[in-house]
Amino acid sequence: MNILVFVESAEGKIKKNSLEAVAYAYAIGGKVTALALGDVGSEELQNLGKYGASSVLHVSDSKFNQGVIQAYATAIAITMQNESADILVISDSSLGTPIAARVAARVGASLATNVVSLPDTSKGFNVKRSIYTGKAFANVELTKTKKVIGIKKNAAEVKEVGSPVSVTPFQVTVPETDFNARITSSEKATGEVLLPEANIVVSGGRGMKGPEHWGMIEDLAKTLGAATGCSKPVSDMGWRPHHEHVGQTGVKVAPQLYIAIGISGAIQHLAGVNSSKCIVVINKDADAPFFKAADYGIVGDAFDVLPKLHEALKAAK
Amino acid sequence: MKILVCISHVPDTTSKINFTDNNSRFDPQGVQFIIGPYDDYALARAVELKESSGAAITVLNVGLVDTEPTIRKALAIGADEAVRVNAEPTDSFFVATQIAEYARAKSFDLILMGRESIDYNGGVVHGIVGELLGIPSVSPVMKLDIEGNTAKLAREIEGGKEYLELPLPFVAGCQEPIAEWKIPNMRGIMSARTKPLNVIEPVAVDSGIKPQQFELPPPKGTVKMIAPENVAELVSLLKNEAKVL
Ligand SMILES: Cc1cc2nc3c(=O)[nH]c(=O)nc-3n(C[C@H](O)[C@H](O)[C@H](O)COP(=O)(O)OP(=O)(O)OC[C@H]3O[C@@H](n4cnc5c(N)ncnc54)[C@H](O)[C@@H]3O)c2cc1C
């Protein structure tokens, strides 16, 4: 079976979630081909072999330096056909999921996104999807020959299983009109750990009282190599940028460790964090609902606990 | 301008999720249904565009008759007419095909919907509709302005946003802060009663998806409380017990 993996890159580097997609494809078994579009470092591409790709195709055409959904979908669909790939694996992201949708419609594939586990092929081809914003799972069978699978973070473990492979330059012809949605500019936080990909998240709520107190959160995050997050009212009030808003209507995270400070734990907030491995809650109200969803809790004033916690973490390093 | 807004009818965000019939069906008992929160943003933006530059808004839902109160609410918020495709929305491909079939001959300038539904969480209906109609699709859109025949959008990306320009028509999957949710006023609720709500039958679709079974996540263990003066203990537990540091 031939499996194609679309690998996403940012600033010339393959994204961590895409390595999970390669690992996922490798675990399914078969010949795994990785496809990268635009400007990506060649060593990065060769190293995909380490995680399970048996070949790597690279479309270096600078037209693809920006992720235009429709053009990317066409390029991937063409490659799928070219490589006689039955399965496409994509990591769910702001670019990956919309692309998966178009490719599936184009090639006539069964489509499942938000997939959290490897397929069970003992009878048919079944995958488990996260639904109701993390409150439940659905097991679904993908019945068509062609399948497009969007995987959620942590659906597969990245392991070294091979050695670097050579990269094959590749060309696809995509209609000009597919580039109609023209990206004019972008703004991106630089030098920070990105929230959706972070292993540790330090998140603050309305209990932090104001944007001027976020230095404490940022310092703690820096020490931990963590990303910073926040509750919805915090981003609504403009204390923090919107892309840090965690929850039902914001970013869904699945880190190893989520530290929530001054967040009450409304069900809509929990919906974005319930896939975290370990949750620590710091809140001055012992009855805050978040404690029910936590692994560890401290009842106390954030302004008192945070500096102490920061010292203790630095001491333990 | 003609705008199609597609809405899902989903459990209120505070709902407890349960399944019945041997975990093969969602249990609606005690559950309040709402317009999907992301779809609600799309609708709110459509109404703003109508107020600022004039537009005719059609709202579409794929659902059985029990979704009509949700559709009426969208009419009360400001849509002009509604269409219900009379079928259970079993999967993204099925729903997207119904939307594309309806929209194909109607030449909408804009097709708006939420970035994802909060029940199925597929995040793909906008893309499939775009592909089936052969027009661009953009998601997740957090800003949308129309200038003549061109739209200016902001799309959220990991750690930031990107700005786009594209010609109409296209499909957008919306999210906040594209607009503020609108609460229907009395006049809206009254007029919604008499606005047209047409029911059409679905087209047949082979989605290639067979739902097998639902399951709930394992229950969470009990929380371990630590005294605020013992933060060092917390650090040690995170290191040695949870092994997350
Ligand atoms: C449809 C819908 C979607 C939503 N989506 C989201 C979403 O995606 N994400 C989200 O976060 N919310 C979402 N919400 C909002 C949600 O319901 C809550 O209102 C919100 O999460 C509350 O944010 P908060 O915990 O920061 O603030 P609050 O609820 O005000 O809680 C503040 C907490 O801080 C504690 N506190 C105060 N001072 C201190 C101190 N000095 N030290 C320690 N603790 C202190 C308080 O005890 C309290 O528990 C949504 C709501 C709706 C209706």
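Residues numbered from 1 in each chain as written. Chains lettered and ligands numbered in written order. Predicted model: local features only at pLDDT ≥ 70, side-chain atom pairs only at ≥ 80, totals over all residues. Heavy atoms only, no water.

What is the right way to read the overall build of chain A from this model?
Scanning chain A from terminus to terminus reveals 8 helices and 17 strands. The C-alpha radius of gyration of chain A comes to 21 Å, within 12% of the 20 Å expected for a compact globule of 317 residues. On the principal axes, the C-alpha backbone points of chain A span a range of 60 × 45 × 40 Å. With 317 residues in all, chain A has 62% of them scored as buried. Here the analysis covers contacts within chain A between residues at least 6 apart in sequence; of these, 65% occur between residues at least 24 apart. When the accessible surface of chain A is split by element, carbon and sulfur atoms take 48% of a total near 11700 Å². Here chain A contributes 32 positive and 30 negative side-chain charges, whose respective centroids are spaced 5 Å apart. (Helix = DSSP H or I, 4+ residues; strand = E, 2+ residues; numbered from the N terminus. Rg over C-alpha atoms; globule rule 2.2 N^0.38 Å. Buried < 20%, exposed > 50% of the residue type's maximum accessible area, 1.4 Å probe, protein only. Contact = heavy atoms within 4.5 Å. Areas by Shrake-Rupley, 256 points an atom, 1.4 Å probe, with all protein chains shown as cover. Lys, Arg positive; Asp, Glu negative; His and termini not counted. Charge placed at Lys NZ, Arg CZ, Asp CG, Glu CD.)

Mind showing me how you'd approach the domain arrangement of chain A here?
Where interface size is quoted, it is often the accessible area lost as the parts come together. All names here are of chain A. Domain boundaries assigned for chain A yield domain 1 (2-179) and domain 2 (195-316). The C-alpha-based centres of domain 1 and domain 2 are spaced at 32 Å. At the interface, 9 residues of domain 1 touch 12 residues of domain 2. Roughly 840 Å² of surface becomes buried between domain 1 and domain 2 when both sides are summed, with 42% attributable to carbon and sulfur atoms. (Domains from an automatic or database assignment. Buried area = accessible area lost by both parts, 1.4 Å probe.)

Quick question: what am I supposed to make of the side chain of A:Asn283 here?
Residue and element names in this part refer to chain A. With respect to the helices and strands, asparagine 283 occurs in strand S16 (residues 278-283). Among the polar contacts made by the side chain of asparagine 283, one reaches the main-chain amide nitrogen of aspartate 285 at a distance of 2.9 Å. If we ignore the near neighbours within four places in the chain, the residues touching asparagine 283 are Gly262, Ile263, Ser264, Ala288, Phe291, Ile298, Val299 and Gly300. (Polar contact = N/O pair within 3.5 Å; in protein donor to acceptor, adjacent residues only side chain to side chain.)

How do you make sense of the packing of aromatic side chains when you look at a structure like this?
Aromatic rings in a pair are described by how distant their centres are and how their planes are angled relative to each other. Under the counting rule described, the total for this entry stands at 11 aromatic pairs over all chains. With a centroid separation of 5.8 Å and 85 degrees between ring planes, the pair formed by A:Phe6 and A:Tyr72 is classed as edge-to-face. A residue pair is termed long-range when its members are at least 10 positions apart, and A:Phe6 in strand S1 (residues 2-7) and A:Tyr72 in helix H3 (residues 69-82) qualify at 66 residues. As far as burial versus exposure is concerned, A:Phe6 and A:Tyr72 are alike and both buried. The interplanar angle of 20 degrees and the centroid separation of 5.1 Å between the aromatic rings of A:Tyr132 and B:Phe26 together place this pair among those described as stacked. Taken together, the residues span two chains, with A:Tyr132 in the loop between strand S8 (126-131) and strand S9 (136-142) and B:Phe26 in strand S4 (residues 25-26). The same class applies to A:Tyr132 and to B:Phe26, which are both buried. Joined through ring pairs, the aromatic side chains of A:Tyr132, B:Phe19, B:Phe26, B:Phe33 and B:Phe214 make up one cluster. Across from the ring centre of A:Phe137, 5.0 Å away, lies the NZ or CZ of A:Lys128, which sits over that ring. (Phe/Tyr/Trp six-rings, centres within 6.5 Å; stacked < 30°, edge-to-face > 60°. Lys NZ or Arg CZ within 6 Å of the ring centre and 35° of its normal.)

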